[in-house]
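Understanding the architecture of this molecule
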Amino acid sequence: MTEAQDRAHDERPELVLAGGPGGRACAALCGAVSAAGGLGVLDLGAGDHLATAALRHAAGWPADRRFGIRVPAGCALDPAAVTAVLGPAAARLAAVVLGAGSPWRVADVPDRYFVLVEVGSDAAAAAADEQGADGLVAQVGGPGGVLLARRLLDPGRQPLPVWLRGGIGPAAAAAAVLGGAAGVVLDTQLALLPEADVPDPVLDDAQAVRFLDRFGGAAKAVRAVLNTVADAAGAAHPPVPHTTAPGSAARVRTAAELARALDAGERRLVLDEPAGGSGFAQWQAQVDVLADHPRAPGAQVVFAGGGGAGAVPLVAGLTSGLVARGVEVGLLVAGTGDVGAGTGDAAGVLGERAAQVRAELGTAWAQAPERQSLDVAVVGLACAVAGADDLDGFWAGAVHGEVPARPPGEPVAVLEVARRALADAGVAHDAERTGVVFGAGPGADLVAAQLGALGLGGPALLVDAAWASGLAAVDAARKELACGGSRVVLAGATDPVGGTACVVLKRLTDAEHDGDRVYAVLGGAGAGRGAVERAHADAGTAPAAAGLVELHGHGRPGHVDRVAGLAGVVRAAMALHTGVRPRPDGPAAPWPRAPLDRVAGIGAAGLGAAEHHLVLVGHPSAAFTRRGLRRWPAELFTFHGSAAAVQEHLAALLDLATSGTPGTLLDLARTSALRTGAGPAGVALVATGVAELVALLRRALRGETDPAAGLHRAGAEPGGVAVLFPGAGGARPGMLAHVLVAFPHLARHLGRGTLAEALHGPGALGRAGLDPGLAPAALGAAGLVYDELLGELGVVADAYAGHGYGELVALAAAGCFDPRLLVPLATGHAAFADVRLAPPRVPVFSTRDAEPRAARARWAEQVEAMHAAGVRVFVEAGPGRALGERVRAVLGGRPHVAVALEPEPGRAPGGGLPGLLAALAELAVAGVGVRTRWLTAGRGGREVPAPPVPAHPRWALGGGGLTALPPSA
């Protein structure tokens, strides 16, 4: 092994590597993994513009965030190209993973990087070692994977460190690491997590579904793996050796068979290996069943697929959690006379390996961190206030600047809101160490009775501080966490008029250790005279730094009931988490600050006008928020395939929408997207409510067309798609707000400086126009935002074009130069003459015959050339509709469709999210693929089950005539 390899081994990658599923880069997922203590690995795929964009994204991460890259077969990028894109960020590249058939050789990678080679056999491992690899990634999910892992992890056979991949969950990770692996790799398991944001995820992957249901996010998944490994290293016990299977034991292979056997009351089970031997995916699935099944405690389970006594460390790590649950774990070992000696040796290896793992992990994962400060994380939210019966409705009202009308019926009970908050936080397992502090006035006895039904084991306290009751409850909860009496505290407030709001709090160190979603950090609190100054001093912030302030009570703006202050905390926590800032005078806007620079203050007057004030600050994990608003003012529905298939889909959705429990409009949109067929869209609908959807579905079934009402029908001649970028006029304060509110991750194209402040900072909407010096930069940023959005929606550009400055945007979108240069070019901080242009990945049509800043436009000739090249769909990617109107003026009645993505400002007719969805509907019926699955993903929509088929009525003929029989008769 070379000296360079020795140096690389001293800086080996993290225990958990995780990459994008399906060969996608998934920059947000990788960033979240790295931030959580793993190593995010960007899959470069084909090495196309998507891979380059992901590398640029990673280059903008904080200076202490390491990452890796995976280079699969067919990747067009070489090491020099990757280094050039990353620039100084190449120093944070911690690992290079070479997939099977990778065009990169180990020798091509600079010595400073740790090189891992993917292998699936002993021969491939030996070849990688010969080539100078620093480590291996072994595929062990399928049959035979356990035996392959054992061979590769034997230092006498193979000296390189190994990361195991395939079917890995927390228990399998513990098996791998205690068995000698350097770590594990996660990929398809993460496909459904919100940070992955895969356009068309594989929804039938059982492990991906389990990761979503169990963890909900990348940080929690990574921390669960790390913590499970640490727990196993501290508590793993050797399995009981068996030379033969226990008598009368039921033999099962699959997880489904195991579940059925437990259902049937079997208490002795042998987990047989499939043909070729056990794999880690099978083991993980079996352990998942045993971990969840109510009849598993007390059962005797013998693993038969480990290959003998040498599998003791693997099985011990795999089942450490089961032993704690009361499952008796055994291992079927080979031979008879030497069982004790063989397992004894293996037990010794287990002890040595466990000690080694504990030393490597240190105390970071072996135990919960000690209390270090009063910083408290907000990890769960729920409310039924301000006319909204749930958090999504409340936040939608805050974003749109509206107070929704309260639905008819009884208000949501305190107990229900509290349960929602705890469920949102995912802290059910901490019930014994969960306290509760609630602000309540009249009816406190009833509130106490409801909260008692939660069955929480920590202290319980009711407080009454008038309008500040909710803030006082949060402050008391913070102090309870500081003294260590509780690990989790539910803080809430209720009022007969205002409703109920709850937050779930944990110490920040505990929340980060557990991988909880952190909405915000409660940094400071103050009460009495000077409360604002004391709260900010406590948080280490200045009052002037607060970009969001809410004050309630005694004539102050806001509300005057006991829940108002805590509702303000919920609103502020959502704003800090999503990067969306509500405004009192209209719809919300993007918050043009990095997460750690976002500060909010919430105050309320208590008893005797005593002021209570809280300061909340952002958390770094907010950078990975992909959806800023779950409940939209409208939804898009597309119907694909033949005319008959479209009619069938329309009718089926109508049945769902008119059933007794149709769910929300989002639920119906998600259901429709998941069940839509293949082929071009024949019909597209944009509806603002379930009743409107029903009316549109009925009209569509009758063959009607009414785009103004949201009913679009195919009819245009299909053809190529050209994306057009405007370059003059249209730039205005507040532009892009609706897109960036819905998709906060796209705000990075605006940066965090002058441009973002001019567009969305305080007072932006009060200005008549945008500084002319910033207008080109604003249009360039808008073009990049829409180009990325179109790509995520599956809209593939066959050509780009622009007008004026928009030509530079077109060149950047086509890959001719680094898009990060657009703003410097627009503001005069860079000269176009100094930019090196690469060939475009798709044709770029130009209105100019010279350098892009030259005069003499040839717009008509450009449009004619695009039409002659087969373009029939022209998409205007920027504010306004001027370019589309010019296209229509040139082409007249010839076949074409011109679609404006942001036709009108703000909430004007055709503007905002409904206007964007209407544009996407036009594209869909023009033959352009639009991924409605991606559009509805990550927003909490559930699939609505099909309504039950009514039983045919039955009648009995008797002396009195026909009598209807009950269904069960």
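**Focus: the packing of helix α3 (residues 49-59) against helix α4 (residues 79-86)**
- The geometry of α3 relative to α4 is characterised by a closest axis approach of 8 Å and an angle of 45 degrees between their N-to-C directions. Overall, the two elements α3 and α4 adopt an arrangement that is oblique. The crossing of α3 and α4 is right-handed. Contacts from T52, L55, R56 and A59 of α3 reach α4 at V82, V85 and L86.
- Of the residues contributing to the contact of α3 with α4, the split by class is 5 nonpolar, 1 polar and 1 charged.

**What about the packing of aromatic side chains?**
- All told, the structure shown has 9 aromatic pairs when counted by the stated rule.
- When the ring of F280 is compared with that of W283, the centres are 5.8 Å apart and the planes differ by 55 degrees; the resulting orientation is tilted. Placement of the pair is F280 and W283 together in helix α11 (residues 280-292), with a separation of 3 residues, close to one helical turn.
- You can call F280 buried: its relative accessible area is 0%.
- Accessibility expressed as a relative area gives 1% for W283, which makes it buried.
- Ring geometry for W283 against F303: centres 5.9 Å apart, planes inclined by 85 degrees, an arrangement best described as edge-to-face. Of the two residues, W283 is situated in helix α11 and F303 in strand β12 (residues 300-303); the sequence distance between them amounts to 20 residues.
- In this structure an aromatic cluster arises from ring pairing among F280, W283 and F303.
- Positioned above the aromatic ring of W934 is the side chain of R627, whose terminal nitrogen or guanidinium carbon lies 4.5 Å from the ring centre.

**Details of the pairing of strand β1 (residues 16-19)**
- Residue alternation in β1 divides its side chains into two sets, V16 and A18 and L17 and G19, and both sets are buried.
- When β1 meets strand β8 (residues 183-186), the two strands line up parallel, connected through 3 bridges. If you follow A18 over to β8, its bridge partner there is L186.
- As paired elements, β1 and strand β2 (residues 39-43) share 3 bridges and run parallel to each other. Paired with G19 across the bridge in β2 is V41.
- Where the polypeptide runs from β1 across helix α2 (residues 27-35) and back to β2, its parallel neighbour, the crossover connection is right-handed.

**Comments concerning the sheet that holds strand β10 (residues 250-252)**
- Read across the open sheet, the 5 strands follow the order β9-β13-β12-β11-β10; overall the sheet is parallel. Edge positions in the open sheet fall to β9 (240-242) and β10, since each of these has one partner strand only. The average undirected angle you get between the axes of adjacent strands in this sheet is 30 degrees.
- Of the strand pairs in this sheet, β12 and strand β13 (residues 328-332) are connected by 4 bridges, and their pairing is parallel. Note that in β13 the partner of V302 across the bridge is G330.
- In this fold helix α12 (residues 312-324) packs onto β12 and β13, with an angle of close to 160 degrees to the strand it touches most, β13.

**Topic: the sheet that holds strand β29 (residues 799-802)**
- The strand order β30-β29-β28-β31-β32 describes an open sheet built from 5 strands, whose pairing is parallel. Edge positions in the sheet fall to β30 (844-845) and β32 (897-902), since each of these pairs with one other strand and no more.
- Across 5 bridges, strand β31 (residues 871-879) lies against β32 in parallel orientation. Within β32, the residue paired with V873 across the bridge is V897.
- Docked against the sheet, helix α31 (residues 912-925) engages β31 and β32, running at close to 155 degrees with respect to β32.

**What about the nonpolar core?**
- Membership of the largest hydrophobic core comes to 129 residues, with the highest contact counts inside it found for V503 and L616.
- In terms of residue count, the dominant contributor to this core is helix α26 (residues 775-792) (11 residues).
- In contact with L616, other than residues within four places in its own chain, are A520, V521, L522, V569, A572, A573, L576, R598, V599, A600 and I602.
- Formed by 114 residues, the second largest nonpolar core is a distinct cluster that contains L42, L55, A59 and L193.

Reading the values: rules and limits
Residues numbered from 1 in each chain as written. Predicted model: local features only at pLDDT ≥ 70, side-chain atom pairs only at ≥ 80, totals over all residues. Heavy atoms only, no water. Axes fitted to C-alpha atoms, helices over the stretch in contact; angles between N-to-C directions. Helix = DSSP H or I, 4+ residues; strand = E, 2+ residues; numbered from the N terminus. Parallel < 35°, antiparallel > 145°, perpendicular 65-115°, else oblique. Left-handed = near helix turned anticlockwise from the far one by under 90°. Contact = heavy atoms within 4.5 Å. Nonpolar A, V, L, I, M, F, W, Y, C, P; charged D, E, K, R; others polar. Phe/Tyr/Trp six-rings, centres within 6.5 Å; stacked < 30°, edge-to-face > 60°. Buried < 20%, exposed > 50% of the residue type's maximum accessible area, 1.4 Å probe, protein only. Lys NZ or Arg CZ within 6 Å of the ring centre and 35° of its normal. Pairing = 2+ DSSP bridges. Right-handed = clockwise from strand over helix to strand, strands pointing away. Core = buried A, V, L, I, M, F, W, Y, C linked by side-chain atoms within 4.5 Å.

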